[in-house]
Amino acid sequence: MRRSSSLLTRLAGAAAGVVLAAAAVLAAALPAQAATLTQVTGFGSNPGNLAMYAYRPDGLPANAPAVVLLHGCTQNASGYFTNSGWQKYADLWKFALIVPQQSSSNNSSSCFNWFQTGDTARGQGEALSIKQMVDYAKTNYGLDGGRIYVSGLSAGAAMSAVMLATYPDVFAAGSVIAGLPYRCATDTISAYTCMNPGVDKTPAQWGDLVRNAYSGYAGKRPRVAIWHGTSDYTVAVANATESRDQWTNVLGVSQTPTSTASLPAGTSLEVYGNDQVRVYRVSGMGHGTPVDPGSATDQCGNTAAYFLDTICSTYRDALFFGLGGGTAPSPTPTATASPSPTASPSPSPTASPVCVTASNYAHVVAGRAYQSGGYAYALGSNQKMGLYNTFYTTTLKQTGPSYWVIGC
């Protein structure tokens, strides 16, 4: 009986060993868990009482860039991360996302407090909390401190303007979607006036508000993209023009655009200075983040409350920030012939390449190129062709739908 018991024990032990070995082999064969949006605690003193979430795509390299995403009122970090389309490009082009979240204990509608002076000054409140999140991510994720960007919607857009104004030494560029100029309001009552009908100030007056946010700062200022729907009745479209006046003045460029372009979904693009400020106006769009669900490279996001099916703003902001796998941050669409919103910017082979030799002006008119800042660029590849006029001649080869390269 003792021998049988001992034999059973040995057999059971051997079987357990086989099971453990098989489990080890299976575990080794399974892929690593996919990256997810994760809450981060202990990132700093957090005077603004905000929550921090972060997303690091699989394979994030050292010295990667990062984008701070600021949700709108009634939204949260997870919803903005899921629906805005930023995860797609973080995975594709390998950059991190830092997603602050407001709480109803700070603001009953979960809006960032862009109108409270204690939250919109350098070194204070919510602005400092967001900056501490960036500092934590730079230290712990090995990010490139020279390539930190910020984007947001509505109250989050107004807070994006706050971050660009108060921490120009931290952010290289930003995007303000359905937002407002910095320090348009200093309390709750003035916030409603700023939102609609808006406040009119001179460019210099707006610019002084930004300059006073970090008095004595003489370093480089961040570039700014401004998005607004022409049928936005929550934050009046006049705020797009006032924001333009503010940031062009801060960056020392004219309020007259150097170039304009027509984009998909009835979107117009105005470029100011040497692509230092952009203004996108989406025809007929209400209050929300422009998205364009689909699988093409220039499509993104999901339609939901305040995520409106028009054009993928995230794709164009990512390129404006210089995140697109080395793509130059110059306007990609043509001013005279807009590519299909479902067309991928990546080349795909055609049966027989088409070569065309013509003036740069003729290429732009025909939709093979676009112009920006007095120069022509090949559609799709964005290769610089030279001056936009009838005297410069270039040979272009079509290598895919809406994709042209120089030479043949």
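Each remark here, short or long, concerns the structure printed above.
Residues numbered from 1 in each chain as written. Predicted model: local features only at pLDDT ≥ 70, side-chain atom pairs only at ≥ 80, totals over all residues. Heavy atoms only, no water.

(A) Quick peek at the overall build of the chain. Tallying secondary structure elements over the chain gives 10 helices and 18 strands in all. The burial tally for the chain puts 50% of its 408 residues in the buried class. As displayed, the chain has an accessible area near 16800 Å², and 54% of this comes from carbon and sulfur atoms. (Helix = DSSP H or I, 4+ residues; strand = E, 2+ residues; numbered from the N terminus. Buried < 20%, exposed > 50% of the residue type's maximum accessible area, 1.4 Å probe, protein only. Areas by Shrake-Rupley, 256 points an atom, 1.4 Å probe, with all protein chains shown as cover.)

(B) Structural detail: the pairing of strand β7 (residues 223-229). Counting buried positions along β7 gives 7 out of 7 residues, so the element sits mostly inside the fold. With burial as the criterion, each face of β7 is covered, one bearing Arg 223, Ala 225, Trp 227 and Gly 229 and the other bearing Val 224, Ile 226 and His 228. As paired strands, strand β6 (residues 173-177) and β7 are joined by 5 bridges and run parallel to one another. Residue pairing across strands places Val 176 opposite Ile 226, the latter belonging to β7. Looking at chain direction, β7 and strand β10 (residues 277-282) are connected through 6 bridges and run parallel. Each bridged residue has a counterpart across the sheet, and for Trp 227 the counterpart in β10 is Tyr 280. (Pairing = 2+ DSSP bridges.)

(C) The nonpolar core, seen in detail. Counting 46 residues, the largest nonpolar core has Met 52, Val 68, Ile 98, Phe 171 and Trp 247 as the members making the most contacts within it. Those residues within four positions of Val 68 in sequence are excluded, and the remaining contacts are Ile 98, Pro 100, Ile 130, Val 134, Tyr 149, Val 150, Ser 151 and Phe 171. Core analysis: the next-biggest nonpolar cluster, separate from the first, contains 41 residues, Ala 77, Ala 173, Met 285 and Val 291 among them. (Core = buried A, V, L, I, M, F, W, Y, C linked by side-chain atoms within 4.5 Å. Contact = heavy atoms within 4.5 Å.)

(D) Broad picture of the pairing of strand β3 (residues 66-70). Across the 5 residues that make up β3, a large majority, 5, are buried. Side chains of β3 alternate between two faces, with Ala 66, Val 68 and Leu 70 and Val 67 and Leu 69 buried alike. Relative to strand β4 (residues 96-101), β3 runs parallel, the two sharing 3 bridges. Bridging across to β4, Ala 66 finds its partner in Ala 96.

(E) Seen up close, the side chain of Ser 129. Within the secondary structure layout, Ser 129 lies in helix α4 (residues 125-141). At 2.8 Å, the side chain of Ser 129 forms a polar contact with the backbone nitrogen of Gly 48. If we skip the residues at most four places from it in the chain, Ser 129 touches Phe 43, Asn 46, Pro 47, Gly 48, Asn 49 and Leu 50. (Polar contact = N/O pair within 3.5 Å; in protein donor to acceptor, adjacent residues only side chain to side chain.)

(F) Layout of the packing of α4 against helix α5 (residues 155-166). Closest axis-to-axis distance for the α4/α5 pair is 10 Å, and the angle between their directions is 75 degrees. Classified by the angle between their axes, α4 and α5 sit roughly perpendicular to one another. Contact with α4, carried on its side by Glu 126, Ala 127, Ile 130 and Lys 131, involves Met 159, Val 162, Met 163 and Thr 166 of α5 and no other residues of that element. Looking at the contact of α4 with α5 residue by residue, the class counts come to 5 nonpolar, 1 polar and 2 charged. (Axes fitted to C-alpha atoms, helices over the stretch in contact; angles between N-to-C directions. Parallel < 35°, antiparallel > 145°, perpendicular 65-115°, else oblique. Nonpolar A, V, L, I, M, F, W, Y, C, P; charged D, E, K, R; others polar.)

(G) The packing of aromatic side chains, seen in detail. Taken as a whole and judged by the stated rule, the model has 13 aromatic pairs. Note on Tyr 55 and Phe 81: the rings are 5.0 Å apart at their centroids and 55 degrees apart in plane angle, and the pair reads as tilted. Here Tyr 55 is found in strand β2 (residues 51-55), whereas its partner Phe 81 is found in helix α2 (residues 77-83), with 26 residues between them in sequence. Taking the relative accessible area as the measure of exposure, Tyr 55 reaches 3% and is therefore buried. Relative accessible area serves as the criterion here: at 7%, Phe 81 is assigned to the buried category. Taken together, a centroid distance of 3.7 Å and an interplanar angle of 5 degrees make the contact between Trp 227 and Tyr 280 stacked. Note that Trp 227 is positioned in strand β7 and Tyr 280 in strand β10, a separation of 53 residues in sequence. (Phe/Tyr/Trp six-rings, centres within 6.5 Å; stacked < 30°, edge-to-face > 60°.)

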